[in-house]
Number of protein chains: 2
Amino acid sequence: MSYKSKEQTTMRYKSKESKPKKDIYTEQIYPESYQNRLLYTYDTCNSKPFSISRSSSPIHFHLNFEASPAMAMSMAMKRSASTATRAISSAFSGSILTRDLHASSGKKKIVGVFYKAHEYAKMNPNFVGCVENALGIRNWLESQGHEYIVTDDKEGPDCELEKHIPDAHVIITTPFHPGYITAERIKKAKNLQLLLTAGIGSDHVDLKAAVDARLTVAEVTGSNVVSVAEDELMRILILVRNFLPGYHQVISGDWNVAGIAYRAYDLEGKTVGTVGCGRIGKLLLQRLKPFGCNLLYHDRLKMEPELENQIGASFEEDLDKMLPKCDIVVINTPLTEKTKGMFDKERIAKMKKGVLIVNNARGAIMDTQAVADGCSSGHIGGYSGDVWYPQPAPKDHPWRYMPNQAMTPHISGTTIDAQLRYAAGVKDMLENYFKGEDFPAQNYIVKEGELASQYR
Amino acid sequence: MSYKSKEQTTMRYKSKESKPKKDIYTEQIYPESYQNRLLYTYDTCNSKPFSISRSSSPIHFHLNFEASPAMAMSMAMKRSASTATRAISSAFSGSILTRDLHASSGKKKIVGVFYKAHEYAKMNPNFVGCVENALGIRNWLESQGHEYIVTDDKEGPDCELEKHIPDAHVIITTPFHPGYITAERIKKAKNLQLLLTAGIGSDHVDLKAAVDARLTVAEVTGSNVVSVAEDELMRILILVRNFLPGYHQVISGDWNVAGIAYRAYDLEGKTVGTVGCGRIGKLLLQRLKPFGCNLLYHDRLKMEPELENQIGASFEEDLDKMLPKCDIVVINTPLTEKTKGMFDKERIAKMKKGVLIVNNARGAIMDTQAVADGCSSGHIGGYSGDVWYPQPAPKDHPWRYMPNQAMTPHISGTTIDAQLRYAAGVKDMLENYFKGEDFPAQNYIVKEGELASQYR
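Conventions and cut-offs
Residues numbered from 1 in each chain as written. Chains lettered and ligands numbered in written order. Predicted model: local features only at pLDDT ≥ 70, side-chain atom pairs only at ≥ 80, totals over all residues. Heavy atoms only, no water. UniProt positions renumbered as here; feature names shortened; annotations may be inferred. Helix = DSSP H or I, 4+ residues; strand = E, 2+ residues; numbered from the N terminus. Buried < 20%, exposed > 50% of the residue type's maximum accessible area, 1.4 Å probe, protein only. Contact = heavy atoms within 4.5 Å. Areas by Shrake-Rupley, 256 points an atom, 1.4 Å probe, with all protein chains shown as cover. Pairing = 2+ DSSP bridges. Axes fitted to C-alpha atoms, helices over the stretch in contact; angles between N-to-C directions. pLDDT = per-residue confidence, 0-100. Buried area = accessible area lost by both parts, 1.4 Å probe. Salt bridge = Lys/Arg side-chain N within 4 Å of Asp/Glu carboxyl O. Polar contact = N/O pair within 3.5 Å; in protein donor to acceptor, adjacent residues only side chain to side chain. Nonpolar A, V, L, I, M, F, W, Y, C, P; charged D, E, K, R; others polar. Least-squares fit on C-alpha atoms with pLDDT ≥ 70 in both. Phe/Tyr/Trp six-rings, centres within 6.5 Å; stacked < 30°, edge-to-face > 60°. Lys NZ or Arg CZ within 6 Å of the ring centre and 35° of its normal.

By the naming in an unreviewed UniProt entry, chain A is Formate dehydrogenase, mitochondrial, taken from Tagetes erecta. The annotation that UniProt attaches to chain A under Subunit (unreviewed entry) is "Homodimer." Turning to chain A, the UniProt annotation filed under Subcellular location (unreviewed entry) states: "Mitochondrion".

The following block contains the structure:
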């Protein structure tokens, strides 16, 4: 296997801002996570309505964080310094191709494709990731004279998105309700310069076509890695502890402890392996550490010994040698041509009988029917995840009906906390784009005709 | 509030084997947990059928553990040494009252009350906690000439349990399907000497009557604390991340990300408070640490500063001052006269609007209707647990139908791993009882007419 772990390689994107290897690894787990928390996390129950300041500072939200003001100030200053660095570096980066150039003054047409929230839009002032609340940046954009179109209508030749393709400068979308940017759409999009993912994962874009057209593609790297890692640990516990049969008994008026207990286990002492160990994989392993499991990871690269020791996981160079050891397998790779369908009938057969699989990465990494068959035969003891192929999952998708599934729609990266972080990250990048400044290096998926290594 | 945390005070039971305070605290979290794992945890998928050796060693199961043989041997030796210490100390503890005396040679009648597993009994060779598999100790008991009656029929004057009350020497039951040992039953039980809980929690026994009759009541302290702590963390994540509405969408053919996301949060940055911080509470806090939460605990006693610092939680002396700070409240107290109904309408009203509550302790600690009303009004944002009052929960129990519940039958402490541990612990204690030796000090709930402090 030679596919590449996404977050890890994104960090290694060759740019002026690249850092020594060790710092990169350390940053992947700790500081960014805490930085995000300090800057963007709301208190669940005392949350104030989301609001946007018009200052040029990259910190936009009125926060109610628990950290000390001194700590928050220190983090804010670090961010400002980094913005300044970016500004200076971009002043020296002259590209001659218009589409490469972020600057390009003047009014822009920005198109956002998000999921519709209907009655839910007004139920939480921080629910910014939907069509109705449009990342909370409408007033900010319009006050500067930009046009901002937002829609959830994204499929077929007559959809709303299609209408705006020819003159859009920027398209923003999310992995939860992706506006697919095909080669054909890119060809029609004569003004297009920038494709932004509000979240992580740009497989909804035809990246080759984007490279050829010299578009810039960028994500809010790190914005929801904690959200996804937490969700993975929840799903591991739901499967290991056989939660759902008990819940079904409750709502159907039953009580049969034996019917749950005969296949309920503790997580303690079990072997958990992550396939891919970028940011999300590392955050998951970090959270698994106190559970007393045997932790394994497969990735293109072994961690630095110090970090590996701190995380307490063992490297497995050969995926097919790791899989038979695992009671629980978690998928943490991006979807690329190399990972598409990599968990087919043959590879699933190499896993332990009764293996539990968690996949919050992408549905198409699995062979859909092989997973359904594995669950039906019992070779797969449980399957949980929030990603499907295609999305939204049709009513007859076999994963809806297979035994021992604990599936949800694509949700793990779009918690309220994640929405606030990726909305802030999108606003940051738009601000830089309007000023002609570079984005944080790790956000780029396509830059100046070059594709980030994990998608190659 | 002056109720007492169960596990903590059990450890402080005054006995010849009591240890210096600091050791006790340290033991509460780490070594016991690992010891249990080394000695009893099976590998989920490669598990060998459960079997009993007839050796006098306290280690009965053929294990397939991942730890090094050297480590396992070292732990086994420690246990043997502790058994030896108990044997020596019991040789000097002469009580004149028959019921106090464990020795009493001769054939015994042992009655076990467990849940029936029906078709599930044969589905897993390690599923020992049911009537059919009877803790896996039948051959061992019968080969020594003891009588072993096992039933799930435990209610009413004509039930199977009632028939055997008059001549039983030992009654074993579990919290998952408790054989209630009332004062009336104790009065009828002329031969009764020993009441064993396979698991933790002896509130199914009329403890005052047991004290008066000078019975011995003991649990397998520590046998399922890891199981319950893991389960609590699962339930916290299920509620915070709003898992169940997504799952319901999947099984009903829907797809509506907004309907989940508008109230889905990350756990990171939230305030979690445990009410009671004995073994389970501490294991939970230990597992919560990497999530980056604000951790609080209320207990009768503050932890030693070193342990508190290691766990990373802050002590809250006054429960009613802690509750309004918590986004998530977890109940970790035993059920006693003092904790019964302690979460009533008034106390729930003191919590944050939208608070999430997890209760795997005992259902009767809550006012049933107050919880249902809180969920209906939205003051309680979610409620999850596996304990009910009464148990089994009747078909019309309001917690089955209240909004935002994530309930199951009483399951968290009866995973396969926990069953193997508490079956081993029961066999250990029976072995000691037959030999006239003491049990591990922390297992006693009633000993020589004295009630363990947490139940006083």
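Draft legend 1. Structural detail: the overall build of chain A. If you tally the helices and strands in chain A, you get 17 helices and 13 strands. Sorting the 456 residues of chain A into buried and exposed places 65% on the buried side. Put simply, 69% of the contacts in chain A that link residues at least 6 apart link residues at least 24 apart. Accessible surface for chain A amounts to roughly 16000 Å². Of this, 54% is attributable to carbon and sulfur atoms.

Draft legend 2. Summary view of the sheet that holds strand β6 (residues 271–275) of chain B. Residue and element names in this part refer to chain B. An order of β8-β7-β6-β9-β10-β11 is seen for the six strands of this open sheet, with the pairing classed as parallel. At either end of the open sheet lies a strand with only one pairing partner, and these are β8 (313–315) and β11 (380–385). Ignoring strand direction, the axes of neighbouring strands in this sheet form an average angle of 20 degrees. Summarising the sheet, β6 and strand β7 (residues 294–298) pair through five bridges and their orientation is parallel. Looking at β7, one finds that T271 is bridged to N294. Contacts between helix α12 (residues 279–288) and the sheet are confined to β6, β7, β8 and β9 (328–331), with β7 contributing the most and set at about 175 degrees to the helix.

Draft legend 3. Focus on the confidence of the model for chain A. Residue and element names in this part refer to chain A. Scored by pLDDT, chain A has a mean of 82; 77% of the residues are at 70 or more. Scored below 50 in pLDDT, residues 1–98 shows 213 contacts in the model against residues more than four places distant or in partner chains. Interface confidence for the predicted complex, given as ipTM, is 0.81, next to a pTM of 0.81.

Draft legend 4. Expanded view of the interface of chain B and chain A. Chain B puts 85 residues into the contact, and the matching count from chain A is 85 residues. Both sides of the chain B and chain A interface together cover about 7700 Å² of buried area, and 62% of this is carbon and sulfur. On the chain B side of the contact with chain A, W255(B), Y262(B) and E268(B) bury the most area, a combined 11% of that side's loss. At the boundary of chain B with chain A, the tally comes to 10 salt bridges. Among the ionic pairs, D231(A) bridges to R241(B), the shortest N-O distance being 3.0 Å. The interface formed by chain B and chain A includes 40 residue pairs in polar contact (both at pLDDT 80 or more). Elements with a contribution of two residues or more to the side of chain B that touches chain A: α3 (31–40), α9 (225–240), α10 (243–251), α11 (257–261), α12 and α17 (416–435) of chain B. With nine residues, the single largest contributor to the side of chain B that touches chain A is α9(B). Across the side of chain B that touches chain A, the residue classes tally to 39 nonpolar, 26 polar and 20 charged.

Draft legend 5. Molecular detail of the relation of the copies chain B and chain A. Overlay of chain B on chain A (RMSD 0.0 Å): rotation 180 degrees, translation along the axis 0.0 Å. Between the two chains, the operation in question is that of a two-fold axis. Considering only C-alpha atoms, the residue of chain B closest to the rotation axis is M234(B), which sits at 2.8 Å. With an isologous cut-off of 70% or more, the 100% of interface residues of chain B that recur at the interface of chain A puts this contact in the isologous class.

Draft legend 6. Examining the UniProt feature "site: Important for catalytic activity" (unreviewed entry) in chain A more closely. Mapped onto the present numbering, the UniProt feature "site: Important for catalytic activity" (unreviewed entry) falls at R362(A) and H410(A). Spanning 49 residues, the named residues nonetheless gather at one spot, since no C-alpha pair among them exceeds 9.5 Å. Along the polypeptide, R362(A) turns up in the loop between β10 (355–359) and α16 (368–377). Beyond its immediate stretch of four places on either side in the chain, R362(A) contacts P175(A), I200(A), G201(A), D203(A), L335(A), V387(A) and H410(A). Within the secondary structure, H410(A) is located in the loop between β11 (380–385) and α17 (416–435). When near neighbours in sequence (up to four residues on either side) are disregarded, H410(A) contacts P175(A), F176(A), R362(A), D386(A), V387(A), Q391(A), W255(B) and V257(B).

Draft legend 7. The sheet that holds strand β1 (residues 109–113) of chain B, seen in detail. Residue and element names in this part refer to chain B. A sheet is described by the order of its strands in space; here seven strands give the open sequence β2-β1-β3-β4-β5-β12-β13, paired in mixed fashion. In the strand order of this sheet, the two ends are held by β2 (147–151) and β13 (450–451), each with one partner. Summarising the sheet, β1 and β2 pair through five bridges and their orientation is parallel. Bridge pairing links G112 to V150 in β2.

Draft legend 8. Summary view of the side chain of T414(A). If you trace the backbone, T414(A) turns up in the loop between β11 and α17. T414(A) gets classed as buried once you look at its relative accessible area, which sits at 0%. At a separation of 2.8 Å, a polar atom in the side chain of T414(A) contacts the side chain of Y115(A). At 2.9 Å, the side chain of T414(A) and the side chain of Y422(A) are in polar contact. When sequence neighbours within four positions are dropped, the list of residues in contact with T414(A) reads Y115(A), F176(A), Q419(A), Y422(A), V257(B) and A261(B).

Draft legend 9. The arrangement of the packing of aromatic side chains in detail. One pass over the structure, following the stated rule, counts 22 aromatic pairs over all chains. Measuring from ring centre to ring centre gives 6.1 Å for F243(A) and Y247(A), while their planes differ by 15 degrees; the resulting arrangement is stacked. Pair noted here: F243(A) and Y247(A) are both in helix α10 (residues 243–251), with a separation of four residues, about one helical turn. When the centroid spacing of 6.1 Å and the interplanar angle of 40 degrees are considered together, the rings of Y115(B) and F127(B) count as tilted. Taken together, the positions of Y115(B) in the loop between β1 and α5 (138–143) and F127(B) in the loop between β1 and α5 put the pair 12 residues apart, joining distant regions of the chain. Residue Y115(B) shares its accessibility class with F127(B), and that shared class is buried. By the ring-pair criterion, three or more aromatic residues cluster together here, those being W255(A), Y383(B), W388(B) and W399(B). Of note, R287(A) hangs over the ring of F291(B), and the distance from its end group to the ring centre comes to 5.4 Å. A cation over a ring is seen here: K427(B) above W140(B), with NZ or CZ 4.7 Å from the ring centre.

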